[in-house]
Amino acid sequence: MSTRPTGRRTRAALALTALLGSAALAGLPAGTAAAADGSLSVQYRTGSGGATADQSEPWLKVRNTGAATVQLSQVKIRYYFKADSPDATYAFACSWAVRGCSAITGTFGTLARPTATADRYLEIGFTSAAGSLAPGADTGDMQLRFHRTNWQTLRQSDDYSFNGTQTSYADWNKVTARLADATVWGTAPEGNGSTDPTDPPAGGQALFDDFSYTSHTDPAISAHGWSVRANSGGPGVPGATWDPSKVTFSASGGNSVMNLETSTAGTGASTVHTEVLTKSMKFKNGTYAARVRFSDTPKYGPDGDRIVQAFFTINDLKAPMADDYAEYDFEYLPNGGWGEPANILYTTSWETFNPDPWQAVNQHTESRQSFSGWHDLVVTIDNSAITYYVDGRHFGTHDAAYLPERPMSINFNQWLIDLQGQTSTTPRAYDQQVDYVLHVKDQVLTPAQVAAKVTAYRDAGTSFVDEVPAP
């Protein structure tokens, strides 16, 4: 994990920003629609009907055609389009909406099976502030738009969901709607529908660990290829130690859970960081996944420390700005840091960096809100892109320029950036927990396929497997 001095986190010019909801969805209240008893329709019109335009303007309404109330926070709408170039990036905006633009989210994703008219989609979601839809009710007008981030002209005449002649609202089945993760309206581009398999493909050499250990001294930890860090050094507070005894294991929710505790009393000498990592750098393309519990507040003592809670894969920097360096991070900062004032989740893909003077080449996506609690984190790497997911939702896609050249290790750590966020000398400690980790070599799995694979391991009573060969 490379050290990032406060206020100097360098962002790549091509950074792709996607702000979206964070937490795993809570259970539906009584009387709300689940996938089996709900139904929706989507109406569409275009606000910009030309074959080319400065921006595309899909205006939408969502209608509840079922018999039960639908919580809009459970609804996702997808508008499918063809990117204007392989490296084109897009920005979403809401011009006006009956429910309020602040209650509407828009993120972009890449189709697993591109077609002649679609390789991307715009996914529209709703925050809890959007409320619910009673039977027969609709959202009212949502005047949405998106454009290329460089404002170059886009061609929409070859977009799957576009209809330049539809200038008044009408049902449109080339836009899909999902309710509680089940498609209830519309037809996706060929090969991308809801009937696509959720079972992971056969084969694929995998690492899976349920972290069923007794303590940091359990010999199975080393036998299974893990190292619990004890050596000194960065990142984080100068003079801090990395204490293996603060990595513990316990049962939670029927599963074994690994806990990383980080503590401080406001001095470098009193600061304890924690990290667990694979001893071998043998992981490259494929799927990486973990279920991680982030914490917004300490388990005891005063809050406010600039703490980093992370799941990442990385190799060593052989020289400043070496072009074969690689690092792919989920980093949650519950109290901010690196120039950020409050909680933020970063996903970052690294090409290289120079520690002194600080210089970085990376691409990142971030969401500025609380991610306290359990989250399913997935990152996939193939020969064209790095794609991040949080709780089954697309979080960001990063460019081929940041793909790894060498294999990497898999790491979890928790550490303090500095001691400036909380200057008290009262002792305090933070927990980060990990339920499982999975890597499947050279296979890009969907979040649903990751969940199916983890369930299959657990149903079979498998707590650990490592089939990934040494590089």
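Residues numbered from 1 in each chain as written. Predicted model: local features only at pLDDT ≥ 70, side-chain atom pairs only at ≥ 80, totals over all residues. Heavy atoms only, no water.

### What to know about the overall build of the protein chain
- Of regular secondary structure, the protein chain possesses 2 helices and 31 strands.
- For a compact globule of 471 residues, the expected C-alpha radius of gyration is about 23 Å, and the protein chain comes in at 23 Å, within 12% of that figure.
- Dimensions of the protein chain along its principal axes, counting C-alpha atoms only, are 65 × 50 × 50 Å.
- Split into buried and exposed, the 471 residues of the protein chain put 53% on the buried side.
- Contacts in the protein chain between residues at least 24 apart in sequence constitute 75% of all its contacts with a sequence separation of at least 6.
- As displayed, the protein chain offers around 18,200 Å² of accessible surface, 50% of which is attributable to carbon and sulfur atoms.
- With 35 positive and 47 negative side-chain charges, the protein chain shows a spacing of 3 Å between the two charge centroids. (Helix = DSSP H or I, 4+ residues; strand = E, 2+ residues; numbered from the N terminus. Rg over C-alpha atoms; globule rule 2.2 N^0.38 Å. Buried < 20%, exposed > 50% of the residue type's maximum accessible area, 1.4 Å probe, protein only. Contact = heavy atoms within 4.5 Å. Areas by Shrake-Rupley, 256 points an atom, 1.4 Å probe, with all protein chains shown as cover. Lys, Arg positive; Asp, Glu negative; His and termini not counted. Charge placed at Lys NZ, Arg CZ, Asp CG, Glu CD.)

### What to know about the packing of aromatic side chains
- A full pass over the atoms with the stated rule returns 27 aromatic pairs.
- Taking 5.0 Å as the distance between ring centres and 75° as the angle between the ring planes, the aromatic pair formed by Phe81 and Tyr90 counts as edge-to-face. You'll find Phe81 and Tyr90 in the same group, each marked buried.
- Seen in terms of ring centroids, Trp338 and Tyr346 are 6.0 Å apart; in terms of plane orientation they differ by 55°. Their pairing is tilted. (Phe/Tyr/Trp six-rings, centres within 6.5 Å; stacked < 30°, edge-to-face > 60°.)

### Section: the environment of Ala116
- Relative to the assigned elements, Ala116 resides in the loop between strand E7 (104-110) and strand E8 (120-126).
- C-alpha of Ala116 to C-alpha of Phe81: the two residues are 35 residues apart in sequence and 9.6 Å apart in space.
- Discounting chain neighbours no more than four positions away, the residues touching Ala116 are Lys82 and Asp158.

### Let's talk about the pattern of salt bridges
- All told, the structure shown has 19 salt bridges when counted by the stated rule.
- Residue Arg291 pairs with Asp376 through a salt bridge whose shortest N-O separation is 3.2 Å. With a gap of 85 residues between them, Arg291 in strand E21 (residues 286-294) and Asp376 in strand E26 (residues 373-381) connect regions that are remote in the sequence.
- By relative accessible area, which is 25% here, Arg291 ends up partly exposed.
- Since its relative accessible area comes to 28%, Asp376 is described here as partly exposed.
- Asp418 is the partner of Arg306 in a salt bridge, and the nearest nitrogen-oxygen pair spans 3.2 Å. Pair noted here: Arg306 is in the loop between E21 and strand E22 (307-314) and Asp418 is in the loop between strand E29 (409-416) and strand E30 (428-441), with a separation of 112 residues, a long-range link.
- Shared partners join several salt bridges into a network, and the residues in it are Lys246, Glu261, Lys299 and Asp431. (Salt bridge = Lys/Arg side-chain N within 4 Å of Asp/Glu carboxyl O.)

### With respect to the confidence of the model for the protein chain
- When the pLDDT values of the protein chain are averaged, the result is 88; 90% of them are 70 or greater.
- Considering only residues more than four positions removed or in separate chains, one finds that residues 1-38, a stretch of pLDDT under 50, has 116 contacts. (pLDDT = per-residue confidence, 0-100.)

### Brief notes about the state of the cysteines
- This model, assessed by the stated rule, comprises 1 disulfide.
- The disulfide partner of Cys94 is Cys101, and the gap between their sulfur atoms is 2.1 Å. Residues Cys94 and Cys101 are joined by a disulfide whose S-S torsion is about -70°; by sign, that bridge is left-handed.
- A relative accessible area of 26% places Cys101 in the partly exposed class. (Disulfide = S-S within 2.5 Å.)

### Digging into the sheet that holds strand E12 (residues 170-171)
- The strand order E6-E10-E3-E1-E12 describes an open sheet built from 5 strands, whose pairing is antiparallel. The sheet is open, and its two borders are formed by strand E6 (90-97) and E12, each paired with just one other strand.
- With 2 bridges joining them, strand E3 (residues 58-64) and strand E10 (residues 142-148) adopt antiparallel strand pairing. Within the sheet, the bridge partner assigned to Leu60 lies in E10 and is Met142. (Pairing = 2+ DSSP bridges.)

### Some points on the nonpolar core
- Grouped together as the largest cluster of nonpolar side chains are 38 residues, with contacts concentrated most on Phe211, Trp226, Met258, Phe311 and Phe412.
- When neighbours within four sequence positions are excluded, Met258 is seen to be in contact with Phe211, Val247, Thr248, Phe249, Val276, Phe412, Gln432, Gln433 and Val434.
- Among the nonpolar cores identified, the runner-up in size contains 33 residues, and Cys94, Phe108, Leu144 and Trp185 belong to it. (Core = buried A, V, L, I, M, F, W, Y, C linked by side-chain atoms within 4.5 Å.)

### Details of the environment of Pro334
- Within the secondary structure layout, Pro334 lies in the loop between strand E23 (327-333) and strand E24 (344-355).
- With near-sequence residues (within four places) excluded, Pro334 lies in contact with Ser295, Asp296, Ile307, Gln309, Ala342 and Asn343.

### What to know about helix H2 (residues 447-459)
- The end-to-end C-alpha distance of H2, which contains 13 residues, comes to 18 Å, matching closely the 18 Å that a straight helix rising 1.5 Å per residue would cover.
- Buried within H2 we find Pro447, Gln449, Val450, Lys453, Val454 and Tyr457. One side of H2 holds all its buried residues, which, seen down the axis, span an arc of 160°.
- Of the residues flanking the end of H2, it is Gly461, one or two places downstream, whose phi is positive at about 75°. (Expected span 1.5 Å × (residues − 1). Arc of directions from axis to C-beta.)

### Observations concerning the side chain of Gln166
- Tracing the chain through its elements places Gln166 in the loop between strand E11 (154-155) and E12.
- Setting aside residues up to four positions removed in sequence, Gln166 forms contacts with Tyr44, Arg45, Thr46, Asp171 and Trp172.

### Side note on the side chain of Thr176
- Along the polypeptide, Thr176 turns up in strand E13 (residues 175-179).
- A polar contact of 2.8 Å, which involves the side chain of Thr176, links it to the side chain of Tyr80.
- Not counting residues up to four positions away in its chain, the partners in contact with Thr176 are Lys76, Ile77, Arg78, Tyr80, Trp185, Gly186, Thr187 and Ala188. (Polar contact = N/O pair within 3.5 Å; in protein donor to acceptor, adjacent residues only side chain to side chain.)

### Concerning the pairing of E8
- Judged by how many residues are buried, E8 sits mostly within the fold: 7 of 7 residues are covered.
- Side-chain alternation along E8 places Arg120, Leu122, Ile124 and Phe126 on one buried face and Tyr121, Glu123 and Gly125 on a second face that is also buried.
- Judged from the 7 bridges that link them, E7 and E8 form a sheet pairing that is antiparallel. Within E8, the position partnered with Thr110 by the bridge is Arg120.

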